[in-house]
Amino acid sequence: VPKVIIDTDAGVDDALAIFMALAAHKRKEIEVIAVTTVQGNTEVHNVNTNVLRILNTAALLEIPVYSGATKSLVHQWTHPGERFHGSDGFGDAQLPSLPLVTSLLKPQHAVWALIELVNKYPKEIMLAALGPLTNLALAIRLDPLFTSHLLGIYMMGGNTTGLGNITSSAEFNFMCDPEAARVVLDETLIPIHLTPWEMCLNGVKIPYSQREKMGQMKSPAAELMNKIESNIIKTKEFANWITCDQLAVAWLIDSAKTQHLNTNCKIDSDVGDKTSDGSRLVSSTSSCFATVELNGNLTRGQMAIDHRELMGRTPNLIIMTSLDEHLYLQYLRMAFGGNFEK
Ligand code: BDR
Ligand code: CA
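Residues numbered from 1 in each chain as written. Chains lettered and ligands numbered in written order. Predicted model: local features only at pLDDT ≥ 70, side-chain atom pairs only at ≥ 80, totals over all residues.

**Regarding the overall build of the protein**
Filter applied, for reference: Only runs of H or I of at least four residues qualify as helices and only runs of E of at least two qualify as strands under DSSP, and these elements are numbered from the N terminus. Exposure is read from a count of other C-beta atoms within 10 Å of each residue's own; the residue is exposed at 12 or fewer, buried at 20 or more and partly exposed in between. C-beta atoms are placed from the backbone. This entry defines residue contacts through backbone-placed C-beta atoms, with two residues in contact when those atoms are within 7 Å.
Each helix and strand counted, the protein has 13 helices and 10 strands in total. Taken along the three principal axes of its C-alpha coordinates, the protein extends 55 × 45 × 40 Å. Looking at the 342 residues of the protein, the share that counts as buried comes to 51%. Long-range pairs, those at least 24 residues apart, make up 81% of the contacts in the protein between residues at least 6 apart in sequence.

Here you go:
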């Protein structure tokens, strides 16, 4: 089974995405070999605590956690008031304190761990990139061939239509460290499977009532998720319950299971053409070359797609454009601890 590393800024949607990966790990569909952390939704020390809390809840504390970048590459993004994830990344849910956090972390820095692991297991590791791309950009700078050793990259981030969620035109993970996103998009040597913000907002519509139903499952994962998402469910800031990182991880697991890993895939360079990568979950994708705006007064962090191939670059992205909602709900149920029907 493919090995998986999760790079995360957990975060409530990261949390459910990680539970989903851990459920697949228990079912032996993937093997989660490490979690690497990065600042983003909250400071990295909170992210570390949150990840350890998830692993503890899933009784999988043996999975190693490596602490990563504490700051963005150039400009530290200051949050204009965190409404979604709370100041601790877990909805300020007043959870009981978790002892021994620092002793549970591996001493090695996340970036070195990433480099060492992909070199140890060339073409065996699928990477889920669920936060700002600082760790990955640093890994590429230290080892320019880093991404070529991966079996696949499944990333949540960016946008395809200029629709922003943290500024009027940028998505959070890219906006948090646009320079890192630029390095990763421009220099990754295999196609990136990208779940953009548009998919999270409009690609799947899950009513809050459905979320609450899933949360009624009697499982440690559901119990933790209900606590950390209680504000989100109460305030209903969006019309539907929003999932982001869960989409990227569901795609990763589905690709792992269906063996359509796409490392050497032929990318259809026609952006207008919907292409399916063979996964059962994702029903259409589009491919293109895209990079990130760094200097716009209003558009810093926005993904810039070379629709007309004017840059002369090989396509670097396989973008999710639609998915089987019924199957996705089954992945979500699996994450909450429910049964996964075939
Ligand atoms: C992304 O930003 C974070 O807030 C979420 O965890 C997700 O990774 C959505 O834009
Ligand atoms: Ca995230």
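**Let's talk about the packing of helix α5 (residues 134–142) against helix α7 (residues 178–187)**
Quick note on the threshold: Here, axes are lines fitted to C-alpha atoms. For helices the fit covers the stretch in contact, and angles between N-to-C directions go from 0 to 180 degrees. In these notes the angle categories are as follows: under 35 degrees is roughly parallel, over 145 is roughly antiparallel, 65 to 115 is roughly perpendicular, and the rest is oblique. Here a crossing is called left-handed whenever its near helix is offset anticlockwise from the far helix by less than a right angle, and right-handed whenever the offset is clockwise. Under the grouping applied here, Gly and all other residues not named as nonpolar or charged are polar, the nonpolar ones being Ala, Val, Leu, Ile, Met, Phe, Trp, Tyr, Cys and Pro and the charged ones Asp, Glu, Lys and Arg.
Orientation of α5 relative to α7, taken along the N-to-C sense of each, is 55 degrees, at an axis distance of 8 Å. Classified by the angle between their axes, α5 and α7 sit oblique to one another. The element α5 and its partner α7 pack so that their crossing is left-handed. The residues of α7 that touch α5, namely those facing Thr134, Leu136, Ala137 and Ile140, are Ala180, Val183, Val184 and Glu187. Residues that form the contact of α5 with α7 fall into these classes: 6 nonpolar, 1 polar and 1 charged.

**Thoughts on the site of ligand 1**
For clarity, the threshold we go by: Any residue whose C-beta atom, as placed from the backbone, lies within 6 Å of a molecule or strand is termed near it.
Neighbouring ligand 1 are 14 residues; Gly11, Asp13, Phe172, Cys244 and Asp245 lie closest to it. When residues of the shell around ligand 1 are traced back to their parent elements, those giving at least two are α1 (12–26) and α6 (172–176). Of the residues contributing to the shell around ligand 1, the split by class is 5 nonpolar, 5 polar and 4 charged.

**A few points about helix α4 (residues 110–120)**
One full turn of an α-helix is made of 3.6 residues, so residues set three or four places apart face in the same direction. Basically, it comes down to this: In this context, the arc is that of the directions from the helix axis out to the C-beta atoms.
Among all positions in α4, only Ala110, Val111, Ala113, Leu114, Leu117 and Val118 are buried. Along the axis of α4, the buried residues cluster in a sector spanning 160 degrees; they form a single face. The exposed residues of α4 that point more than 90 degrees off its buried face are Asn119 and Lys120. Tucked inside the fold, the buried residues of α4 contact β1 (3–8), β2 (31–37), β3 (65–66), β4 (125–129), α5 and β5 (150–156).

**Considerations on helix α10 (residues 220–228)**
Every buried residue of α10 is accounted for by Ala221, Ala222, Leu224, Met225 and Ile228. One side of α10 holds all its buried residues, which, seen down the axis, span an arc of 165 degrees. Residues of α10 that are buried make contact with α1, α2 (44–57), α9 (208–215) and α13 (325–336).

**With respect to the nonpolar core**
Nonpolar side chains tend toward joint burial in soluble globular proteins. We apply this condition: The nonpolar core criterion groups buried Ala, Val, Leu, Ile, Met, Phe, Trp, Tyr and Cys residues into a set whenever they are joined through C-beta atoms within 7 Å.
Residues Phe19, Met20, Ala21, Ala128 and Ala248 are the most contacted members of the largest nonpolar core, which totals 109 residues. For this core, the leading source of residues is α1, giving 11 residues. In contact with Ala21, other than residues within four places in its own chain, are Val4, Ile6, Ile30, Val32, Ala128, Val249 and Ile253.

**Focus on the confidence of the model for the protein**
The condition is simple: The predictor attaches a confidence to each residue, called pLDDT, with possible values from 0 through 100.
Of the residues in the protein, 92% have a pLDDT of 70 or more, and the chain-wide mean is 92. Across the interface, the model reports ipTM at 0.99; the global pTM reads 0.94.

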